[in-house]
Number of protein chains: 2
Amino acid sequence: MQIPQPYLLFLGDVTDPLAAKTARGILQWRPEICTGQLRLTPETVSLGLADLSLADAYAKGARTLVLGTANAGGFIPQTWLPTLEQALDIGFNLASGMHQRLGDNRLLAQRASANSCELFDVRHFDGELEVGNGKARAGKRLLTVGTDCSVGKMYTSLALEKEMNQQGLDAQFCATGQTGIFISGKGIAIDAVVADFISGATEAISPDFDDHDWDIIEGQGSLLNPAFAGVSMGLLHGAQPDAMVLCHEVGRKHIRHLPHMPMPTLDTVMAANLTAARLTNPRATFVGICLNTSALNENEARTYCKQLASQYQLPVTDPVRFGVSAIAEQLHQL
Amino acid sequence: MQIPQPYLLFLGDVTDPLAAKTARGILQWRPEICTGQLRLTPETVSLGLADLSLADAYAKGARTLVLGTANAGGFIPQTWLPTLEQALDIGFNLASGMHQRLGDNRLLAQRASANSCELFDVRHFDGELEVGNGKARAGKRLLTVGTDCSVGKMYTSLALEKEMNQQGLDAQFCATGQTGIFISGKGIAIDAVVADFISGATEAISPDFDDHDWDIIEGQGSLLNPAFAGVSMGLLHGAQPDAMVLCHEVGRKHIRHLPHMPMPTLDTVMAANLTAARLTNPRATFVGICLNTSALNENEARTYCKQLASQYQLPVTDPVRFGVSAIAEQLHQL
């Protein structure tokens, strides 16, 4: 799967800025693939991109209309359908991160087929997969792991890819979640595959390679989150990382959505990941810690990073505030 | 889901005794729900049950025709279809463990609908699930875990259920794989659910209870098998076991199908399972070890069990050769 780029970002009639998080992520990390935005009403959130009609965007080269918003229930609103049909008639492919599949709408399926356009449902995966085998593969791999969900694993992965490339290391981001898939144009939503194929899907995302230096694999969930640890475990075994970066949100009180589950310590999470990772890569090691320090002011954040750096003898940073250069520097020697 | 019982076991035209393993398992553990067998040719393997016509079996009370054989590719052979259609016309439900869904055959789907019969595809799960939450549930749970796949987890679970009930403990087997689902008439094939729902599905299989003493949950895979550890991890968190029994095949040289993966030690597997289990049940503990000792003669097997029992201070047995009474006895005090 490769979603044709560049994109026209479809924002529908969404007025909650949080609901446009996916579209904003694409623009943040890949501005060069965002031709413009399409909004159905003047009240719709704006990303600050040029408002383009379908025809204008297509003329400027855009090839996929990306439904980059979340909406209640994950269903495609009726009010969006005329625009989506028109896009297919012009020649756009459609890509959606919604729960409802584009192809389950008969009209969209017919129009796509008639116009030889593709429908990409990045939350789903319908391809053939094999079960994992744990065989050592060529190439070096870094995996971001977390103390929980939503602690910055995708952000850290993309920041590392960018920084490593700036430092002269040829790094490629490997997406395992929907926003990441839009950003890179390919990948597999690991939490959406059939359970038997978690590690096999991860092996497929980052196969043998010798044409670049590092694959940076986006982690999911946490080994200590009782809802999603199975996904994290299979992802870890399939990724067979040489290097891991731990991601954590400072001040989080309990596992997300589970007030009865206290946050595990960093030591617990690192030990669990190291032990499990070494099943498929005995050289697996931590090369840094990335914190979301938004609960602290900048001075406090700097002090806390220094304290943890001394405690763990690893570079510790907030990737948003302080960047990830010190972590990337570790990777020249590995 | 509850598959109506008793069953007529359909053996098709299968001549390889190994291919009838599922049907044999149903008969071994639940002879009282097996009304008879249906074979299409004289050469077809026999389970030693009465050969019954569809009409005779229905008259004797059978309500589901169970396709209890494995065949290459997992597809329903054309030669079986007339019998399956006739079964639906008589009023049988159909239950299959094959990869191909019964309902994907349009003729079978139509006949089932016309006759108000149900089609059960136990390898698949289409129901609604919630993600796991790790909340403590009422009731006591035992989970079988393994050093690998196919080391006797289902056998051990069923042997324990039977022995515990004989010892006056009210125990209920909870199926997580296809043969187990046929045997109990319900359950979820855990490796077939979407990855996000592994622990949630396990929580659904064994919800809060206070009407019996123990749920005996069938384990799958192994935390140290790089193909399937994600499934095992989610199952372990969802099961929140009070008690675990380790299953192992003596003499296995490497992880099944993966000659490059050496077998882990029993200590490694027990430590990994205890650490992970305690996330959702801090009281989790091992209560015994079940060995498949078929590589040893009976004297050697007895000596080896004693040696491990002394080493781990736990009852150690081969459930096929020596039964599981000593393990069941542990469970009166827990």
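Residues numbered from 1 in each chain as written. Chains lettered and ligands numbered in written order. Predicted model: local features only at pLDDT ≥ 70, side-chain atom pairs only at ≥ 80, totals over all residues. Heavy atoms only, no water.

Re the interface of chain B and chain A
Move 1: Taken together, the contact between chain B and chain A spans 31 residues of the former and 31 residues of the latter.
Move 2: Of the roughly 2,300 Å² buried between chain B and chain A, counting both surfaces, carbon and sulfur atoms make up 65%.
Move 3: Viewed at the interface, chain A and chain B are joined by zero salt bridges.
Move 4: Of all the secondary structure elements, the ones that give two or more residues to the side of chain B that touches chain A are α7 (198-205) and α8 (229-239) of chain B. (Contact = heavy atoms within 4.5 Å. Buried area = accessible area lost by both parts, 1.4 Å probe. Salt bridge = Lys/Arg side-chain N within 4 Å of Asp/Glu carboxyl O. Helix = DSSP H or I, 4+ residues; strand = E, 2+ residues; numbered from the N terminus.)

Here we look at the UniProt feature "domain: D-glutamate N-acetyltransferase-like C-terminal" (unreviewed entry) in chain A
Move 1: In the numbering used here, UniProt assigns the feature "domain: D-glutamate N-acetyltransferase-like C-terminal" (unreviewed entry) to residues 131-327 of chain A.
Move 2: The span residues 131-327 of chain A is 38% helical and 16% strand by assignment, and the distance between its end C-alpha atoms comes to 32 Å. (UniProt positions renumbered as here; feature names shortened; annotations may be inferred.)

Concerning the packing of α8(B) against helix α9 (residues 266-277) of chain B
All names here are of chain B.
Move 1: Running from N to C, α8 and α9 cross one another at 50°; their axes reach a closest spacing of 9 Å. As summarised for this structure, α8 and α9 are arranged oblique, according to the angle between their axes. The handedness of the crossing between α8 and α9 comes out as right-handed. Note on element contacts: α9 touches α8 through N273, A276 and A277, opposite M233, L236 and H237. (Axes fitted to C-alpha atoms, helices over the stretch in contact; angles between N-to-C directions. Parallel < 35°, antiparallel > 145°, perpendicular 65-115°, else oblique. Left-handed = near helix turned anticlockwise from the far one by under 90°.)

Description of the layout of surface pockets
Move 1: Looking at the second largest pocket, its volume works out to about 610 Å³.
Move 2: Elements supplying a minimum of two residues to the lining of the second largest pocket: α8 (229-239) and α9 (266-277) of chain A together with α8 and α9 of chain B. (1 Å grid on protein atoms, 1.4 Å probe; cavity = no way out; pocket = protein on both sides within 12 Å on 5 of 7 lines; lining within 4 Å. Points joined across faces, edges and corners; volume = space filled by probe spheres on them.)

A word on the sheet that holds strand β1 (residues 7-12) of chain B
Residue and element names in this part refer to chain B.
Move 1: With parallel pairing, five strands are arranged side by side in an open sheet as β2-β1-β3-β4-β5. In this open sheet, the two strands that pair with only one neighbour each are β2 (34-39) and β5 (119-121). Mean inter-strand twist for the sheet, computed between neighbouring axes without regard to direction, equals 20°.
Move 2: Sheet topology note: the strand β4 (residues 93-96)/β5 ladder contains three bridges and is parallel. Within β5, the residue paired with S96 across the bridge is D121.
Move 3: This element, helix α1 (residues 21-29), spans β1, β2 and β3 (64-67) of the sheet and lies at about 155° to β1. (Pairing = 2+ DSSP bridges.)

Let's talk about a negative patch on the surface
Move 1: Judged by side-chain charge, B:D170, B:D208, B:D210, B:D211 and B:D213 come together as a negatively charged surface patch.
Move 2: In this fold, B:D213 is placed in the loop between α7 and β8 (214-217). (Patch = residues over 30% accessible without salt bridge, like charges linked within 9 Å, V, L, I, M, F, W, Y side chains within 5 Å. Areas by Shrake-Rupley, 256 points an atom, 1.4 Å probe, with all protein chains shown as cover. Lys, Arg positive; Asp, Glu negative; His and termini not counted. Charge placed at Lys NZ, Arg CZ, Asp CG, Glu CD.)

Let's talk about the pattern of salt bridges
Move 1: With the rule as written, the count across this model stands at 18 salt bridges over all chains.
Move 2: Residues joined by salt bridges that share partners form a network here, namely A:E85, A:D89 and A:R111.

Comments concerning the domain arrangement of chain A
Residues and elements named next belong to chain A.
Move 1: What the domain assignment lists for chain A is domain 1 (7-121) and domain 2 (140-330).
Move 2: For domain 1 and domain 2, the distance between their C-alpha centroids amounts to 29 Å.
Move 3: At the junction of the two partners, domain 1 supplies 13 residues and domain 2 supplies twelve residues.
Move 4: Carbon and sulfur atoms supply 65% of the area buried between domain 1 and domain 2, which totals about 1,000 Å² over both sides.
Move 5: By the criterion of area lost to domain 2, the three top residues of domain 1 are T22, W29 and R30, representing 57% of everything that side buries.
Move 6: Joining domain 1 to domain 2, the criterion identifies one salt bridge.
Move 7: Where domain 1 packs against domain 2, one counts three residue pairs in polar contact (both at pLDDT 80 or more). (Domains from an automatic or database assignment. Polar contact = N/O pair within 3.5 Å; in protein donor to acceptor, adjacent residues only side chain to side chain.)

Quick notes on the relation of the copies chain B and chain A
Move 1: Between chain B and chain A, which share one sequence, the superposing operator has a rotation angle of 180° and an axial displacement of 0.0 Å; the RMSD is 0.0 Å. Those values place the two copies in the arrangement expected of a two-fold rotation axis.
Move 2: Here 100% of the contact residues of chain B are again contact residues in chain A; the copies associate through an equivalent surface. (Least-squares fit on C-alpha atoms with pLDDT ≥ 70 in both.)

Side note on the side chain of A:Q37
Move 1: By the secondary structure assignment, A:Q37 is in strand β2 (residues 34-39).
Move 2: Separated by 2.9 Å, the side chains of A:Q37 and A:S46 make a polar contact.

Thoughts on the environment of A:F209
All names here are of chain A.
Move 1: Following the sequence through the fold, F209 ends up in the loop between α7 (198-205) and β8 (214-217).
Move 2: Measuring from C-alpha to C-alpha, the distance between F209 and K140 comes to 8.5 Å, with 69 residues separating the pair along the chain.
Move 3: The contact partners of F209, leaving out residues within four places of it in the chain, are A138, G139, K140, R141, W214 and D215.

As for the packing of α9(B) against helix α10 (residues 298-312) of chain B
Residue and element names in this part refer to chain B.
Move 1: It is at 13 Å that the axes of α9 and α10 come closest, and there the two elements cross at 45°. It follows that α9 is oblique to α10 by the angle criterion. Crossing angle aside, the handedness with which α9 passes α10 is right-handed. Facing α9, whose interface residues are L266, D267 and M270, α10 presents L308, Q311 and Y312.
Move 2: Residues belonging to the contact of α9 with α10 are distributed by class as follows: four nonpolar, one polar and one charged. (Nonpolar A, V, L, I, M, F, W, Y, C, P; charged D, E, K, R; others polar.)

Let's talk about the pairing of strand β1 (residues 7-12) of chain A
Residue and element names in this part refer to chain A.
Move 1: Most of β1 sits inside the fold, with six of its six residues counted as buried.
Move 2: Side-chain alternation along β1 places Y7, L9 and L11 on one buried face and L8, F10 and G12 on a second face that is also buried.
Move 3: Relative to strand β3 (residues 64-67), β1 runs parallel, the two being bridged by four bridges. Directly across from L9, in β3, lies its bridge partner V66.
Move 4: Pairing between β1 and β2: five bridges, direction parallel. In the sheet register, L8 faces β2, and the bridge partner there is G36.
Move 5: Between β1 and its parallel partner β2, the chain crosses via helix α1 (residues 21-29), and the hand of that crossover is right-handed. (Buried < 20%, exposed > 50% of the residue type's maximum accessible area, 1.4 Å probe, protein only. Right-handed = clockwise from strand over helix to strand, strands pointing away.)

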